[in-house]
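If you want the building blocks of each chain, they are given just below.
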Amino acid sequence: QDNDGVCKKPQTRASVKGNIYTETNRTVENVQVDLMSLQPEYPKSVSTNKDGSFLFSDLVTDNAYTITPTKDDDILNGVSTLDIVMIQRHILGLETLNSPYKLIAADINNTASITASDLSELRKVILGIKNNFQNNKSWRFVDSKFSFADPGSPFPFNEVNDINNLSQNTGGKDFIAVKVGDVNESVVSNAGDSNEVE
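The present account deals with the structure reproduced in this document. (Residues numbered from 1 in each chain as written. Predicted model: local features only at pLDDT ≥ 70, side-chain atom pairs only at ≥ 80, totals over all residues. Heavy atoms only, no water.)

1. Let's talk about the overall build of the chain
Step number 1: Regarding its fold elements, the chain presents three helices and eight strands.
Step number 2: Taken from N to C terminus, the helices and strands of the chain fall in the order β-β-β-β-β-α-α-α-β-β-β.
Step number 3: Principal-axis analysis of the C-alpha atoms gives the chain an extent of 75 × 35 × 30 Å.
Step number 4: Per-residue burial for the chain yields a buried fraction of 43% across its 198 residues.
Step number 5: For the chain, the share of sequence-separated contacts (at least 6 apart) that also reach a separation of at least 24 residues comes to 72%. (Helix = DSSP H or I, 4+ residues; strand = E, 2+ residues; numbered from the N terminus. Buried < 20%, exposed > 50% of the residue type's maximum accessible area, 1.4 Å probe, protein only. Contact = heavy atoms within 4.5 Å.)

Structural data, given as structure tokens:
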């Protein structure tokens, strides 16, 4: 019997938080973040704010959770004919895309390779022939702690963040956001963003 409250009571509730931002550290708002668990009331969902942050609170400890961000809107955001030119130069070996995230953005049809089919898919969207990417969403997300074995060939990559056993308040569950089709980093990722590329 612990009348004076000396014994430390085990924590039964905890929170999980993280941030979502681009490779150039620009925050991304309105990303739906799903939290999955084997408990009956899951999945739970929240959206990132203009600072790109999300928070799940009052979670039962000693349970496993999986965090999965998704965003599939505003497909033309950051996409232009300049992206087509840059992807084409990469395919021809004239100027290689210099980061794994740009390579992921260039894989328009989500085949884990960059070919003329990706250019065709991107052209159809820019010309208004299609309003979505075949077999792909308009945004992809990479666990920020994921280490690419070969940055020049980043496929496959980790798009979720697993918590095996939540025991305390946990932060740093971050993701790098990639706007599919945008290899020149011209996307507008939040309400305060006014990025312009000439």
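2. Observations regarding the sheet that holds strand 7 (residues 161-163)
Strand pairing in a sheet relies on backbone hydrogen bonds. The paired strands run either parallel or antiparallel.
Step number 1: Across the sheet, which stays open at both edges, the four strands sit in the order 3-2-5-7 with antiparallel pairing between neighbours. The sheet is open, and its two edges are formed by strand 3 (44-47) and strand 7, each paired on a single side. Averaged over all pairs of adjacent strands, the angle between strand axes in this sheet comes to 20°, irrespective of strand direction. (Pairing = 2+ DSSP bridges. Axes fitted to C-alpha atoms, helices over the stretch in contact; angles between N-to-C directions.)

3. As for the sheet that holds strand 1 (residues 13-22)
Step number 1: Taken together, the four strands give an open sheet; going across it, the order is 4-1-8-6, and neighbouring strands pair in mixed fashion. Looking at the sheet topology across the chains shown, the edges are occupied by strand 4 (53-60) and strand 6 (139-143). Geometrically, the sheet is characterised by an average inter-axis angle of 25° between neighbouring strands, direction not taken into account.
Step number 2: Pairing of strand 1 with strand 8 (residues 175-179) involves three bridges; the strand directions are parallel. Bridged to Y21 within strand 8 is I176.

4. Structural notes on the nonpolar core
Step number 1: Ranked by size, the top nonpolar core spans 25 residues in total, and within it I87, I104, L122, F133 and V142 carry the most contacts.
Step number 2: For this core, the element with the highest residue contribution is helix 2 (residues 100-106), accounting for five residues.
Step number 3: Residues in contact with I87, not counting those within four places in the same chain, are A106, I114, L119, L122 and V183.
Step number 4: Formed by 20 residues, the second largest nonpolar core is a distinct cluster that contains A14, V16, I20 and V187. (Core = buried A, V, L, I, M, F, W, Y, C linked by side-chain atoms within 4.5 Å.)

5. What about the side chain of Q39?
Step number 1: Mapped onto the fold, Q39 is located in the loop between strand 2 (32-36) and strand 3.
Step number 2: Note on Q39: relative accessible area 13%, which makes it buried.
Step number 3: In this structure the side chain of Q39 is engaged in a polar contact, spanning 3.1 Å, whose partner is the side chain of S37.
Step number 4: Aside from chain neighbours lying at most four places away, what touches Q39 is V60, N63 and Y65. (Polar contact = N/O pair within 3.5 Å; in protein donor to acceptor, adjacent residues only side chain to side chain.)

6. Some details on the pattern of salt bridges
Working definition: two side chains of opposite charge can pair if their charged atoms are close together.
Step number 1: Taken as a whole and assessed by the stated rule, the structure comprises six salt bridges.
Step number 2: A salt bridge links R89 to E95, with the shortest nitrogen-to-oxygen separation between them at 3.3 Å.
Step number 3: On the accessibility criterion, E95 (47% relative accessible area) is partly exposed. (Salt bridge = Lys/Arg side-chain N within 4 Å of Asp/Glu carboxyl O.)

7. Re the environment of A105
Step number 1: Looking at the element boundaries, A105 is found in helix 2.
Step number 2: Sequence separation between A105 and I87 is 18 residues, and the spatial gap between their C-alpha atoms is 9.6 Å.

8. Details of helix 3 (residues 116-126)
Step number 1: Turning to helix 3, its buried residues are D118, L119, E121, L122 and V125. Seen end-on, helix 3 carries its buried residues on one side only, within an arc spanning 165°.
Step number 2: Elements in contact with the buried residues of helix 3: helix 1 (81-91) and helix 2.
Step number 3: Of the residues one or two after helix 3, G128 is the one with positive phi, at around 80°. (Arc of directions from axis to C-beta.)

9. Considerations on the environment of S147
Step number 1: Following the sequence through the fold, S147 ends up in the loop between strand 6 and strand 7.
Step number 2: Of the residues examined, S147 reaches a relative accessible area of 60% and is grouped as exposed.
Step number 3: Taking C-alpha positions, S147 is 9.1 Å from N158, a pair spaced 11 residues apart along the chain.

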